[in-house]
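Okay, here's what each chain looks like letter by letter:
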Amino acid sequence: MLSVLRVHLPSDIPIVGCELTPYVLLRRPDKSVATEDVPESAPLDGHFLRYKWYRIQSDKKVTICSVHPSEQATLQCLGCVKAKIPVAKSYHCSPKCFSDAWQHHRVLHERAASAVNENGAEEEELFGRFNSSASGVVNTSLPVPQSSPSLANGAAPLYPAAVTQRNGGETWFEVGRSKTYTPTADDIGHVLKFECVVVDAETKLPVGHANTILTSRVIPAPSPSPRRLVSVSGIDAMGLVESDGRISAGTFTVLSYNILADVYASSELYSYCPSWALSWPYRRQNLLREIVGYRADIVCLQEVQSDHFEKFFAPELDKHGYQALFKRKTAEVFSGNIHTIDGCATFFRRDRFSHVKKYEVEFNKAAQSLTDALVPSAQKKTALSRLVKDNVALIVVLEAKFSNQGIDNPGKRQLVCVANTHVNVHQDLKDVKLWQVHTLLKGLEKIAASADIPMLVCGDFNAVPGSSPHALLAMGKVDPMHLDLAVDPIGILRPTRKLTHQLPLVSAYSSFARMGVGIGLEQQRRRMDPTTNEPLFTNCTRDFIGTLDYIFYSADSLTVESLLELLDEDSLRKDTALPSPEWSSDHIALLAEFRCKPRTRR
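Residues numbered from 1 in each chain as written. Predicted model: local features only at pLDDT ≥ 70, side-chain atom pairs only at ≥ 80, totals over all residues. Heavy atoms only, no water.

A. A look at the side chain of Ser11. Residue placement: Ser11 occurs in the loop between strand 1 (3-8) and strand 2 (23-27). Within the structure, Ser11 has its side chain in polar contact with the backbone nitrogen of Ile13 (distance 3.3 Å). (Helix = DSSP H or I, 4+ residues; strand = E, 2+ residues; numbered from the N terminus. Polar contact = N/O pair within 3.5 Å; in protein donor to acceptor, adjacent residues only side chain to side chain.)

B. Fine view of the sheet that holds strand 19 (residues 342-349). One open sheet holds the seven strands; their spatial order is 15-30-31-16-17-19-18, and the pairing between them is mixed. In this open sheet, the two strands that pair with only one neighbour each are strand 15 (229-231) and strand 18 (322-328). Here the strands of the sheet are splayed against their neighbours by 25° on average, with no regard to which way each runs. Summarising the sheet, strand 16 (residues 251-258) and strand 17 (residues 298-305) pair through five bridges and their orientation is parallel. Considered in strand 17, the bridge of Val254 is made with Ile298. Taken strand by strand, helix 5 (residues 280-294) contacts strand 16, strand 17, strand 30 (558-564) and strand 31 (590-596), and its axis lies near 160° from that of strand 16. Packing against the sheet, helix 6 (residues 306-319) makes contact with strand 17, strand 18 and strand 19, and its axis sits at approximately 165° to strand 18. (Pairing = 2+ DSSP bridges. Axes fitted to C-alpha atoms, helices over the stretch in contact; angles between N-to-C directions. Contact = heavy atoms within 4.5 Å.)

C. Representation of the nonpolar core within the structure. Core analysis: the biggest nonpolar cluster contains 67 residues, and Phe252, Leu456 and Phe594 have the highest contact counts within it. The leading source of residues in this core is helix 5, at six residues. In contact with Phe594, other than residues within four places in its own chain, are Gly250, Thr251, Phe252, Val254, Leu456, Ala508, Ile551, Tyr553, Leu558, Thr559, Val560 and Glu561. The next biggest cluster of nonpolar side chains, apart from the first, holds 40 residues, and it includes Ile395, Leu415, Trp435 and Met455. (Core = buried A, V, L, I, M, F, W, Y, C linked by side-chain atoms within 4.5 Å. Buried < 20%, exposed > 50% of the residue type's maximum accessible area, 1.4 Å probe, protein only.)

D. Local environment of the packing of aromatic side chains. One pass over the full model with this rule turns up 21 aromatic pairs. Measuring from centroid to centroid gives 6.0 Å for Phe252 and Phe594, while their planes differ by 35°, and the two rings are tilted. Of this pair, Phe252 sits in strand 16 while Phe594 sits in strand 31, placing them 342 residues apart in sequence. Take Phe252 and Phe594: they sit in the same class, and that class is buried. (Phe/Tyr/Trp six-rings, centres within 6.5 Å; stacked < 30°, edge-to-face > 60°.)

E. Local environment of the environment of Glu290. Along the polypeptide, Glu290 turns up in helix 5. When its relative accessible area of 3% is taken as the criterion, Glu290 is described as buried. Sequence-wise, Glu290 and Pro226 are 64 residues apart; in three dimensions their C-alpha atoms are separated by 9.4 Å. Only 2.6 Å separates the side chain of Glu290 from the side chain of Tyr294, close enough to count as a polar contact.

F. Quick peek at the sheet that holds strand 3 (residues 33-34). The strand order 1-2-3 describes an open sheet built from three strands, whose pairing is antiparallel. Looking along the sheet, the strands with just one partner apiece sit at the ends: strand 1 and strand 3. In terms of strand pairing, strand 1 meets strand 2 through five bridges, oriented antiparallel. When the sheet's bridge partners are listed, Val7 is paired in strand 2 with Val24.

G. Here's a closer look at the state of the cysteines. In the structure shown here, the tally under the stated rule is zero disulfides. Left unpaired, Cys80 is separated from the closest cysteine sulfur, that of Cys77, by 3.7 Å. Assessed through its relative accessible area of 0%, Cys80 is described here as buried. Here Cys344 is not disulfide-linked; the sulfur of Cys300 is the nearest cysteine sulfur, at 8.6 Å. (Disulfide = S-S within 2.5 Å.)

This is the structure in structure tokens:
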């Protein structure tokens, strides 16, 4: 007969908006062990599995620490209450917790003070408005079902009219009748119980005892401080946000973000991040909320696993009006499973752009061509071993469905070429990094030569400002005396005079350093490296902090209107590296708003 051997949860800390899927180990009638579901619609030997979820609601109200959400709060910041900051952010579990978090907490007070404009109206943030519900819980705006009598988890209503069971000071409400359950805001502070029982398909009665498991208290999904767009022309960009997220007519926004593939997000590498915050079910929802919240017209993501692209990002972003394109790397990582290969994914809003053409760059193929042409036969194996690293780039040509050309150029097509890449990570392969960037730029030069088209080059280049790949991108050439050129064991960088390109590329974020005085600009300059005019960091772990990600644009055809503000130490909690419960990647997102320059007649 069918029986349940064991039930457990991947994480015992449930988070609002993050799906819970228990692991149920079964013994089938033939004595084999399996984990497959046995629903009522497909019984096995006359039996099926029935699932129920309960919320255990105590008569005692529980408040949750805003810094350590698995802990109960013991004190409240009255400054938050006075400033009308959402009450959930005012709770702390101890005086030490409040003291340690003060540098980050102070930012909430400062933002609340500046969130009232001259007319006394609240300032709209780019994403993640801090609203509070009737219970004082932060509304994290996750793209999941929230409190509504018409919504359901499984077959059970979220708010059943009847009390399932009452025991002393506890009341158990049935909240779900499927194997999976997504906690809602009403569950915060309460323990959940999962029940699994074998049921006779004919009588519909349980057979044997029910297997149950209790979670810890449900916690709200942490909400990072919203990042605002800062105009590089000195105008408060957020005052100009339109209902669809655009800043003004004729402009478009581009997002670049390395989201940290799950296959790389190991507890060994990121031991400082709580296991529940490192789990993919949590990170994917947090990343989606963040990405959707930016409302970018073009989205360039790196480290997107093939299975996550197909099963999650493509369908979820499709709901928000994005068309998706993907190029995966050319070899399996770690497990040898084709589904865990990561790659580059580019999305664009269908109401803003249409797809014209796609180019795929496989650096492995370029390496094979290079060695066939230039490397002596005896050295080919060694050369390929160094060059073949499976990195790729995805190049997409889009046509804008909007125009800022005016009446002087009626009917002119506005094309944009967007390159999305992830360059090799190994620090001892400086020659390979430079060669990959040079190969990509030469391909883009060919596209530019065939059409009058603005260029955007986005991605994780795994190269710090001042390195040879960065110099090639930003300056169009590499100094022959650059220290990186000393590493060239197979001679792929010689002669050094070939390390040039003719694209007029400029780093978008250097606009913070180049522009005049304006609202928010001085604060952003303090987050820039004055020697390189690049952000102080876009990647922040316990072992490394520095800039690896960039958005380059062709300055002869595009201008930067505004940029997503950078993070600094005050934006992260004290002693916190990335990823964290608030930010689900070890990189930060970059976003720039561009305007196409009017083209001159020829």
